[in-house]
Structures are given as structure tokens and as C-alpha cells.
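Structure assessment
This is what each chain is made of:
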Amino acid sequence: MSNSYHFPILPGPDTPKVTINVDNVDVQVPDGTNLVEALKTIGIETPHFCYHPDLPLAGNCRQCMIETDGPRGLGLAIACYTPVRAGMKVATDRSSEKVKKARAAVMEFQLANHPLDCPICDKAGECTLQENYMKVGNGESRVREEIGKAYHGNPDHRFTDSKGQDRGGKHVDLGPTVVLDEERCILCDRCTRFMRDVAGSEQLYIADRGDRAYITVFPGTQLDHAYDLNVTDICPVGALTAKHFRFQSRVWFLKKTDSIVPDDSLGANVTIDHHEGKVARLMPRRNGAVNKSWISNASRLTYQALSENRLVRGRADGHDISLEDAFAKAGMLLSKARKVALVASGHLTNEDNAGLLALAAQLGTKAEVFGGSWLEVGTPDGISRSGDPVANRKGLELLGIKDNLDDLARRASEFDVILIANNDLWGASPEKARALDAIAQRIVLSPWSNATTAKATLVVGIRAWAEVRGTMVNCNGRIQLMQAAPTTPDERLEPAWQLLSRLAGERWSSEIDAWKAAAAKAPALAGVTYRTIGRQGQQLETLA
Amino acid sequence: MSTFPKILTGNFGKGAADIGVYKSLGGYSNLGPKLFSTSQFEMIDIVQRSGLRGRGGAGFPTGMKWSFVPRNTGKPVYLVVNADEGEPGTFKDHFLMLEDPHKLIEGMILCGWALGARTAYIYVRGEFLNCIESLNKAINQAYEAGYLGKNIAGSNYSFDIYVHRGAGAYICGEETALISSLEGRKGQPRLKPPFPAVSGAWASPTCVNNVETLMAVPWIFENGPEAYAKLGTPKSPGTKVFSVSGDVKRPGVYEVPLGIPMMELLESPDYCQGLVGTMKGCIPGGSSTPVLTPEETAKVTLDYEAMAAAGTMLGSGAVIPFNTQRSVVGMLKTLTHFYSHESCGQCTPCRDGTGYADRVLDTVVDGHGRDGDLDLLVDLANNFNGATICPLSAADAAPIINFVKKYRSEFEAVVAKNPKRDEPRLDAHFRPGGFW
């Protein structure tokens, strides 16, 4: 465990550039930054295990060896602990045989005590050790069969290698979410640093020393932090695996779709990993301005709801009906209505809410738009959650939709039809929502069966967040883009914007049209396009 | 043999662990107006001019080390005494602390004054229970006599000393690991920079000195740096305490001026009184220093420069000559086992490399050595040599490389006893083109 608390200095957009000499070529790199990151900016990948851009530096894996000019002349140094200085000379394995040999040597040491059980290892395919081995390894092993390591793991699950040698703690249960396979651990120290310096709860530590060292929890305790699943992401080998994903899928089958997880208004960036129309897991996607590399366990497990309790059809008066029938019935109810309450949602994208506004415009004076949420707002945890469960609250504000649900409850008797777009009012506050029972026709658009759909007179199924493309504005005024993963349980389900725009009689052909409608409503979105938002989102200057 | 002042061991056998005896031998005489009218910079200058070098092993100039400690940072300055004597073969600090603890305390006060430190820690190796007892007793006596605590010796300078008992880890003799351990963390070396002088214990300026180094300071202050510089050689001035063990007639702790021939230490009637048997080699400065052959031992003198010229190090002054009855293979096995066991487990090359090398040597010792094992051993040692945060990997590599280089025929003879020595290194099914 390193006792050094320095986080790496990462290149920013405004970092001034200086000239350094890499492999006998003068290049421009961001000044003062971590050399691993600086080399990345010019397209040179440095193999590493312990280094992580969002963890304090440890410098213990020694894999990122480079040659640089130090006080004693050109010599080996670790790139992760070498800051960029103007005029410095750096030799990577592309020009230096010494670096090549040093990296191969470190790789040999890593593998000396690592079981080659890749075929049964859950990390295979996204294992840093595999990747780095292919880049810098020797190619052929000279490690002899009797060279093995002894572990002191869970006595019930000891692992024996092909020679019948006892190889230690297998399937060690660290807590409710994470399993440890000790024999694969390369002691890079990332997980303990994450728990100590990011999660702020030192639940993991490295016991013993030398090659007998192993990761463990303190006696009588377990790994049960709200962020502990992140250790399975940063584990460069298959030592720490997540119970919810372990042995569920081979990672090379998974296709990745960029999105944001809409259970919190910080909008943590994730990729949706899916295979054959099913979401297999959510993985954090690094965004230095939002969630760094971390997501909470709660956010990570939101994907499980995507295949539970889904509404794939419509429902009227307790009977399932087809989606088209439900649509037609909704259109009829709205056209006959005397006064309509349209409830927008902070759980929907800006595009969806633009659809609702288009419907309001079409219905004219008999429609009134309400928004907001009765969910309780918590406090930020300083990592990847703001505490506000309404992900797109800022987006509602931008579109001019007020937080006025209490007003709606008070004036419920004025309306004869209410259309609720994916806003679980009865789930959030049954007491406050009780007033809405007075409205005769309650149309609910929802991806899931919930307390609100139970109260509805007409339910229309829609696509869930993972299945739609659209934008949300996070609590800091950063607009972020979600891409649609092809995981919808039924292709006939529509995104909310499409359903609403059809009810409004608009001919929007894609979410781009919906976005244009949304952007037209909000001055802050002037000049913003999906392209400018990109994968990392865009800070809206007027909200900064 | 020339006569010289016994700066460090002069009080041995006189009961100087008691403050009354220590004072009657001239102790604590430095703690007077002369000290408190000497500025911090003058004090550092005195030590710099004396040429005193760190006695822990590296031989870094002490005065220069003190001058690196920044002043007026708004943080306290800590003095930490490294008494975690762990290098195999070294036992000088043990006796110095046991026999003359007050001299260490006096040296610490002088150093503390030079650094502007108010608090000092003595990090004592856990096994040295008698040293801890002796130090605690001496410190209590010094507090009672007014040499420690508030306003020492009537001045307005206050200085406190705490004894911290380590847990016996070799690596805690490395200064940053020692600081980590002192802070209550796992004793693992830290990345440098920042150096301890800038950010050490509790992220404050910290000076870590060896016991023997500080014990030379009272004499230097009393007799002047020039008198000290006259002893020894120009670049390695002063006297040094050597711990001699191994095949000599009278092993023990000997103080000699630096620069005398190694053979004088081993054969003089004043010191070791000669070797037992015929010398096969000599480890000159602790187990991590490269071994010397008898021819090299005969030529080398005991100073930092001559040792470096001979391709080895003066180190902590642990001289271990061994005779022809000793097996160098067995000796090296003892050392590789020690270093792989004491690796803190932080850096990959050291954690996995030292254990790997140890297990390869294990097979050789067990009679299962195969052709190429010696080359493998040396290649592994070269690969982890110095590739780590601290020098422990280098401390393991030096004996492996040098033992195998200088006594190769003996290693080969052990391998040759294995009738299956030419068997392929790998299992057939691990080889490309085999099982797959």
C-alpha cells in the first residue's frame, strides 16, 4: 500500500504544451502532467496496472517503465511517477531495448505467481494482465512447474493447480456484492486505494507481505460499501468479481452503448453492455467532470429493472389491449376532454418532454402542463450522486416546465383528464397523489408497472431509458447524451417523445426533430447539437 | 596500530548507561552556553566540516542531510533516530544503545538544536527489548536531570524524546518505511520525491539519522570538526564501529578509524585476533553488500571509497568472513530466503522476483537444480535489481549476482549432482506446440 496521497495530474483542455523528446522525436505534450497520460495524448500507450487516473499514485506495479534523464543520467523510471518537464528526454520500448527488457521482466514476475486459468476466469477478455502480456510479455514462459505461491485464504475454498499444489483462497466471500479469487490477485493495490481514498472507508487492506501478501477485509467485517462494486471494475485481473455479473456473460460478446444512468441528477456516465437484446451490466464510463470513473452500486444495478415488470402493451380498465388501441383510446380521451393536465417528468429526456409540450400546444387552452416530482431529495455523496433522484430536473426548468405538482393536487377537481408521462406520482407520495384520484380519466405512459399505472384508467407502455436516444441536463447544468441500446423487450414499444408527438399530430421522424423542438423552447440550448454534446457532455454556459 | 580516541565505544564496560557515570566521564558537558550560543547554521556547518557520513549504510554526508531540512514551514520538524538495525550481520547499534544510551540522547539534543526540532523519536527494532529498557531508563534520568523536556539545561530550548518500538520488519530500516510505520501505517517505503526532509513523518520535515551517526556528534562538537576530520581518510573521516561475526577468533563490536586495512581488523590482536580456518570470502558491510574473495579482502581498506573501488560497499560495517568449510550455496539460500521473506510486497519485481529467485535456488539446494538455473538466477536478479521503490530488491540482487559470479564452480558442482539436470525446463504441455 502506498502511503502517498498524490493524485495524478491529468491533461486538461487548457494545459499549456511543452516540447519533450520521445523516442528521439520532438513532440508537444501537456506540461506538468503525468507522463502516462501525456504519452497517451500523442498516441503512445504505456502498459500499467497500479496506475489509475482517478486514484492516488502508488508506483508499485513497475510495469510502466520508461527511460528518462534523471539526476544520474538516462535511466529507468516509472512513467506514472514522472511529470512532464520541458525538454525532457523519454525513451519507451519503441526505441529502448532496456525498457523493453524491463517491462518483459516485470511481466514475468507478475505471471510467476498468477494462475493461467484464463479459460475459466470471468475477467478474460477485459483483463489488463492479458492485454499487457500480449503487448510486452516474453511470449514463452520459463517459469517452472514447482514455482508456485502459497495463499492463506478461505479454508473452505482452497484452489489446487494442475500439479495438485495448494494455491490458496478461492471464491472468498468479501461481502454482499464482491467475491475474491486470491490466487489471481497481482496486488496492484487499486482496490484498497479506492476504498481508502475515494470511498473513504478503509474496508479492504493487504495483509502479510512479500509474495504471501493478500487482499482481505478486517476480521469480523465485510466489504459492504455503497460503492464497493467499483473495485471489480478497477481490478486489472479476475481477482475481484461482482456477484451480480459473475459468470453471466463472456465479455467479448457484449456490445457497448454509451449512456447516462438516470437514477440521479448528477447523471453518472455509463456504458450499457448488452448481448442479444438483454442488458448484461452497466459499467462506469470515465468522465472527469461528472463521475470520474465511479458509479454507485445502486446506479449500477438499475439495469436489472430494465427486464422486470415491463409494460409491453396497453391496459384499459384492467384489460390488456394492444399498443395501437391504447394510443387510439388516449387520442380519443384527450380530444373529448374538457380540461387536461399534462404531467411532464424529470425521469424523461428533454426530447420526451418536448413531445409533451407539443401535445400541450396542440390541445391549446384546455391543456395545462405540470412538472416536478414528489420524491425526496437527499444529499450529495461527493462521488457520483447528487442525492436528487430526479435526473432531468434541470431539463424541465430549461423547457419552462414548473415544479408545481402540489398546485395540481390542489386543483385536481378542475381537470377531467390527466396524462402522466413516466412520473410515478403515487409511488413517490401516495398521500399527495390521493387528490388526483378525483380526475376521471388517468392516462399513464410508463415503461414499468408501478403504483401509478395501478391507479391509471389507461396505460400505454413506452421504452425505458436504456432504449431511447436523448438528452438530459444534470444538476450542474451539463447536458449529456444517452444512446439507445437495442434491448427493448418489444420492438413495437415507442419512445415517449414519439408517442406524444403522434398524439399531438406532429410528424417527427426521429429524436432529432424532438431535440430541435426542445432546443427551440430553451434559449440555453442555442447552438447545442448532439455533436457538440458528444460522449462527454457539454456544460451549458448559462447554467455554469 | 595507531592510537585514536574511542569516540563511540569509549564508555563501553564502564556502566555509562547510568547518568551519574556518564556525567563523570564528561557526558552532557556540551549542553551549556556554548551550544545555545551556537546558531543552527553554525551547528550544521560544524558537522559538515567534520565530514561525518551516515553510518546506516549509504554513507550520505550528515551535515548535508541536515541542511536539506527546511525552516519556518509552519510545520514542526521531527528528528527520527533509525535504531531498527536489521541488516543481517549488523549488531553495532544494539551495543551502542545498550552501553551508552546517554551519548545517543546527547547527540540527539545537538542534532535537534541544529534542525530546530522539538520532538524526536527513536524507532527501535522490536526485538531489542534490552535496548528499549536501557533507552527508557536513560531518557527518564535525562528528564529528571533537566537535559530533556522544557528549557533544557537552563536554556529556552525544549526537546522531547519518545521511544517507538517497531515490530521487527527489516524494511522498516528504510527511512520512508520507518516513517510510515512510526505513523501507525503498514511499514512500506514511499515514493520519492517528496523526500522525508521536506515531507516525512505526518507530512512534516523529518530528518532520519542512524544511531551511530548521532553518537559521533557530541565528540565533534566538543573537540571541533577539524579534530574529527583528522581521523580516518580525507573522504571518509572519523571512526566507525564494525560488527564482526563469522569465522574469526574473537567476533564482536570494534571501533576503528576508517581507512585501516580490512585484514588489520580481522587479524590484529586488538580486534578479531585472526581467522578460523582458511578464508573463502568475506561479506564486508552487511549481507546486502557484494561479497569479496580472499584476494580482494586482503587488498581492501575500510573506507567508503576503497570499498566502492572494490565493487562493494562499506554498508553498515557488518564484516562476515567465512572459511572454506562453509557452503556458499547454503549461505546464499539463507540470504535469498531472508530478503524474499522481508520484501514488503509492494513492488512487483521485489515481491514476486525475490520469492521466484529464492524458489529457484531452493531447487538447486534440494539437489533438483538443472542446467541453466544459475543463469536464470542471475538474470532474475538483474531484472529486479533496483527496479523498485526502495533498495530491497537491489539488496537481494547484489548477493545473488556476486555469489554466483565469484563462486560459480561451487554452484555448478551442486547442480551437477542432479542426474536429471538436463531435463527440459518446462512441462511438455506448457510448451507451444506441445499440448495445445
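Definitions and limits used
Numbers given to residues run from 1 along each chain, matching the order in which its sequence is written. Note on labels: chains are lettered from A, ligands numbered from 1, in written order. Local features are withheld for residues below a pLDDT of 70 in this predicted model, meaning they are given only at 70 or higher, and side-chain atom pairs are given and counted only at 80 or more; totals for whole chains, interfaces and linings count all residues. Put simply, a residue is buried when 20 or more other C-beta atoms lie within 10 Å of its own C-beta and exposed when 12 or fewer do; between those, it is partly exposed, and each C-beta is set from the backbone. Secondary structure elements follow DSSP: runs of H or I of four or more residues count as helices, runs of E of two or more count as strands, with numbering from the N terminus. Two strands form a pair only when DSSP identifies at least two bridges running between them. Between N-to-C directions, angles cover 0 to 180 degrees, with each direction set by a line fitted to C-alpha atoms, over the stretch in contact for helices. Should an angle lie under 35 degrees it is considered roughly parallel, over 145 roughly antiparallel, and from 65 to 115 roughly perpendicular; all remaining angles are considered oblique. Note that contacts rest on C-beta atoms placed from the backbone: two residues are in contact if these are within 7 Å. Side-chain classes follow a simple rule in which Ala, Val, Leu, Ile, Met, Phe, Trp, Tyr, Cys and Pro form the nonpolar group, Asp, Glu, Lys and Arg form the charged group, and the remainder, Gly included, forms the polar group.

**Brief notes about the pairing of strand S24 (residues 478-482) of chain A**
Residue and element names in this part refer to chain A.
- Burial analysis of S24 places five of its five residues in the buried class, the great majority of the element.
- The side-chain alternation of S24 yields two buried faces, one formed by Arg478, Gln480 and Met482 and the other by Ile479 and Leu481.
- With four bridges connecting them, strand S23 (residues 470-473) and S24 associate as antiparallel partners. Looking at the pairing, methionine 472 lines up with glutamine 480 of S24.
- Hairpin connection, S23 to S24: the antiparallel pair is bridged by four residues, and glycine 477 has positive phi, about 75°.
- Relative to strand S25 (residues 538-539), S24 is paired through two bridges, and the arrangement is antiparallel. Its bridge partner lying in S25, arginine 478 is registered against glutamine 539.

**Overview of the packing of helix H6 (residues 101-115) of chain B against helix H9 (residues 211-223) of chain B**
All names here are of chain B.
- Viewed as axis vectors pointing N to C, H6 and H9 meet at an angle of 75°, and their least axial separation amounts to 7 Å. On the basis of their axis angle, the class for H6 and H9 is roughly perpendicular. Residues Lys103, Leu104, Glu106, Gly107, Met108, Leu110 and Cys111 of H6 lie in contact with H9, whose contacting residues are Val211, Leu214, Met215, Val217, Pro218 and Phe221.
- Grouping the amino acids of the contact of H6 with H9 by side-chain chemistry returns 10 nonpolar, one polar and two charged.

**Observations concerning unusual backbone geometry**
Residue and element names in this part refer to chain B.
- Looking along the chain, the bond that leaves lysine 192 and enters proline 193 is cis, with omega of -10°.
- Tracing the backbone through its elements, the reader meets proline 193 in the loop between helix H8 (175-182) and strand S4 (206-210).
- Following proline 193, the chain continues to proline 194 via a peptide bond in cis, the omega torsion being 0°.
- Along the polypeptide, proline 194 turns up in the loop between H8 and S4.
- Positive phi outside glycine occurs at asparagine 72, with the angle close to 50°.
- Tracing the chain through its elements places asparagine 72 in the loop between helix H4 (62-67) and strand S1 (78-83).
- Non-glycine residue alanine 153 carries a positive phi angle of around 50°.

**Digging into the environment of alanine 496 of chain A**
All names here are of chain A.
- Residue placement: alanine 496 occurs in helix H14 (residues 496-503).
- Given 28 C-beta atoms within 10 Å, alanine 496 falls into the buried group.
- Linking alanine 496 and leucine 348, residues 148 residues apart in sequence, is a C-alpha distance of 8.0 Å.
- Among residues more than four places away in sequence, those in contact with alanine 496 are Leu348, Asp352, Gly355, Ala421, Asn422, Leu445 and Ile462.

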